[in-house]
Amino acid sequence: MHGDGYLDRLRREGRIVIVGASLAGLRGAETLREKGFTGSLTLIGDEPHESYDRPPLSKQVLLGKAAAEETELPRRRDLNADWRLGCAATGLDMAGRRVKLADGDEVEFDRLLIATGVRARRWPHETEAALDGVFVLHTRDDAARLHRRLEAGPRRVLVIGAGFTGSEIASACRERGIPVTVAERGAAPLVGALGGVIGEVAAQMHRDHGVDLRCGVMVTALEGDAAGRVRAAHLSDGAEIEADVVVVSLGAVRNTEWLAGSGLGAGPRGIACDAGCRAFDIRGIVTDDVFVAGDVARSPHALFGYQFLSLEHWGNAVAQAEVAAHNMISAGPDRIPHLWVPAFWSSQFGVNIKSVGVPSMGTELLVAQGSLADRRFSAVYGYQGRVIGAVTFDHARWLEFYQRLIESTAPFPPEFPTMDRRPEGRSPVPAEFPDPSVPTHGPTVTVSGYSPADQRLTFTPARP
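Residues numbered from 1 in each chain as written. Predicted model: local features only at pLDDT ≥ 70, side-chain atom pairs only at ≥ 80, totals over all residues. Heavy atoms only, no water.

### What about the overall build of the protein?
A count of helical and extended segments in the protein gives 8 helices and 30 strands. Taking 23 Å as the expected radius of gyration for a compact globule of 464 residues, we find that the protein reaches 23 Å, a close match to that expectation. Its C-alpha atoms give the protein principal-axis dimensions of roughly 65 × 60 × 55 Å. Sorting the 464 residues of the protein into buried and exposed places 55% on the buried side. (Helix = DSSP H or I, 4+ residues; strand = E, 2+ residues; numbered from the N terminus. Rg over C-alpha atoms; globule rule 2.2 N^0.38 Å. Buried < 20%, exposed > 50% of the residue type's maximum accessible area, 1.4 Å probe, protein only.)

What follows is the structure, encoded as structure tokens:
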């Protein structure tokens, strides 16, 4: 831990580098300036664009309601920063406090914030992935390319994966009148994020809006024509789907490969950090000069059994970046924990879906208000006798109430003294989440911490 004199110099004339120039990186930089940091500030981003908003890409941009270049994030203040865009970080020298760049340059730092986020998981077969008409959707450029292809009026779009992004893409296609098939290896759309009970509601939404929904199947191959254009997909059940546009929506990959050999506790599940956003090294010792924020971070959360959570949430990226920035230039007693309650929203097939907490940890589900059949309801998730999450379909007014229950570790099933009387006959049912060993597309929270039920280590006493 550095003394007050060091921190005063750091705030006045230190060098802070932020790797990742998206939402978390931008909000972290703004917070540093707001908290009085007057030293040099460098933002490194692998994309050529300054910070932009990703949620509109699968919603407004695909529908033509906004251009991809109109998604820039609003600036809260002038940063007086050096932007190094279009040049990815390729390595980290922790001992020398240097970030290595793809162009061969190196940037020195006193404090480092890693906010490299995630990227779309691409189709694993390179030749098939390179076919004309095969897309992913994560970046601004991805959205612009896919929008242009949808504008051209494809005969059929195949979406591989029915998580939130895949479902939103399918919804946009149907709103544009484009025939669409969705292939999902799970039992229903959104099943990994919200469970089988809610997944069945989502499945009916797809079908009622004309989606050709195929669940419990995998795409085994994409086929191209002689000109290198995608023309069909082969499914594990033997079916063949003719499609001239294929959107691969297989979830996200955390951008940590550039940290290989750095000594940080980084891997495919993200970068481990403490509740104050300080990164762990590979020995499990917390660092004091390297911080993490956003989708790439894995941090313990007191409300969820100190499990390490990786959150792919807009609000989490903002809140965690603000905490990290505050702690980077604060002494130990003044540092604050990141205790943001996960929250997520999606708009698809005319329905507004919102969630709080970690539904995917739930084992039980109670539909507390409304009706699944009407697709207007509030549902609460329980885990080990307490409220762990909630989801609403066009019923968001209850969300704040359930957030308070989660924050107060309220018992499950919840009491209803201040709410509409619970309809007669309603009681908790299994939430029907799939076996975690069988991957599905679309969880927005990944629980990656140690579980007492999953003991892999045997501890033996040290010999004298």
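### Some thoughts on the environment of Q307
Summarising the element assignment, Q307 is placed in the loop between β22 (297–300) and β23 (308–311). In this structure, the C-alpha to C-alpha distance between Q307 and E50, residues 257 residues apart in sequence, is 33 Å.

### Quick word on unusual backbone geometry
With omega at -5°, the peptide bond leading from F412 into P413 counts as cis. Backbone geometry at R375 places phi at a positive 55°, although glycine is not the residue there. Judged by its relative accessible area of 18%, R375 is buried. We note that Q384 has phi near 50°; this positive angle belongs to a residue other than glycine. Here Q384 is to be found in the loop between β27 (376–383) and β28 (386–393). The class of Q384 is exposed, set by a relative accessible area of 69%.

### As for the pairing of strand β16 (residues 245–248)
The alternating pattern of β16 places V245 and V247 on one face and V246 and V248 on the opposite face, and all of these are buried. In terms of strand pairing, strand β9 (residues 134–135) meets β16 through 2 bridges, oriented parallel. Bridging from a neighbouring strand, V134 pairs with V246 of β16. Here strand β10 (residues 157–160) runs beside β16; their pairing, made up of 4 bridges, is parallel. Paired with L158 across the bridge in β16 is V246. (Pairing = 2+ DSSP bridges.)

### A closer look at helix α6 (residues 191–208)
Taking 1.5 Å of rise per residue, the 18 residues of α6 would be expected to cover 26 Å, yet its terminal C-alpha atoms sit only 18 Å apart, more than 12% below that figure. Remark: the principal bend of α6, roughly 95°, maps to V197. Of all the 18 residues making up α6, 14 are buried; the element is thus mostly covered by neighbouring parts of the structure. With its phi angle positive at about 85°, G210 sits one or two positions after the end of α6. (Expected span 1.5 Å × (residues − 1). Bend = angle between axes of the 7 residues up to and from the residue.)

### Considering the nonpolar core
One finds V157, L194, I198, F393 and Y402 to be the most contacted residues of the largest nonpolar core, which totals 70 residues. Residue contributions to this core peak at 8 residues, all from α6. Core analysis: the next-biggest nonpolar cluster, separate from the first, contains 31 residues, I16, I18, A21 and L23 among them. (Core = buried A, V, L, I, M, F, W, Y, C linked by side-chain atoms within 4.5 Å.)

### Digging into the confidence of the model for the protein
In this model, the protein carries a mean pLDDT of 90, and residues with pLDDT of at least 70 account for 91%. For residues 448–464, every residue scores under 50 in pLDDT, and the model assigns this stretch 10 contacts once sequence neighbours within four places are set aside. (pLDDT = per-residue confidence, 0-100. Contact = heavy atoms within 4.5 Å.)

### Focus on the sheet that holds strand β7 (residues 111–114)
The strands that make up a sheet pair up through hydrogen bonds in the backbone, lying either parallel or antiparallel. Across the sheet, 6 strands lie side by side as β3-β2-β1-β7-β21-β20; this open sheet has mixed pairing. Edge positions in the sheet fall to β3 (82–85) and β20 (278–280), since each of these pairs with one other strand and no more. For this sheet, the mean angle separating the axes of adjacent strands, direction not counted, is 30°. Pairing between strand β1 (residues 15–19) and strand β2 (residues 40–45): 5 bridges, direction parallel. The residue of β2 that forms the bridge with I18 is L43. The sheet contacts of helix α2 (residues 23–34) involve β1, β2, β3 and β7, and relative to β2 the element is tilted by about 175°. (Axes fitted to C-alpha atoms, helices over the stretch in contact; angles between N-to-C directions.)

### Thoughts on the sheet that holds strand β15 (residues 240–242)
Read across the open sheet, the 3 strands follow the order β13-β14-β15; overall the sheet is antiparallel. Of all strands in the sheet, those bounded by a partner on one side alone are β13 (219–224) and β15. With strand direction ignored, the average angle separating the axes of adjacent strands in the sheet is 20°. Relative to β15, strand β14 (residues 230–235) runs antiparallel, the two sharing 3 bridges. Pairing of A232 across the sheet is with E242, part of β15.

### Regarding the packing of aromatic side chains
Think of a pair of aromatic rings as described by two things: how far the centres are apart, and how the planes are tilted against each other in angle. According to the stated counting rule, one finds 5 aromatic pairs in the structure shown. Between F377 and F393, the ring centres sit 4.7 Å apart and the planes meet at 20°, which makes this aromatic pair stacked. In this pair, F377 is assigned in strand β27 and F393 in strand β28, connecting sequence segments 16 residues apart. Across the pair, F393 and F377 agree in class, each one buried. Their ring planes at 45° and their centres at 6.0 Å tell us that Y381 and F433 sit as a pair that is tilted. (Phe/Tyr/Trp six-rings, centres within 6.5 Å; stacked < 30°, edge-to-face > 60°.)

### Examining α2
Counted at 1.5 Å a residue, the expected span for α2 with its 12 residues is 16 Å, and the 16 Å between its end C-alpha atoms agrees. Taken across its 12 residues, α2 has 11 buried, putting it largely inside the fold. Those residues of α2 not exposed but buried are L23, A24, G25, L26, R27, G28, A29, E30, T31, L32 and R33. Where α2 terminates, the next one or two residues include G36, which has phi positive at roughly 100°.

### Let's talk about the environment of V248
Mapped onto the secondary structure, V248 falls in strand β16. A C-alpha to C-alpha distance of 7.8 Å links V248 and L137, two positions 111 residues apart in sequence. Here V248 is in contact with R121, R122, W123, V134, F135, V136 and I160, once residues within four sequence places are set aside.

### A few points about the environment of L73
By secondary structure assignment, the location of L73 is in the loop between β2 and β3. For L73, a relative accessible area of 6% corresponds to the buried category. In the structure, L73 is positioned 50 residues away from L23 in sequence and 7.6 Å away in space, judged by C-alpha atoms.

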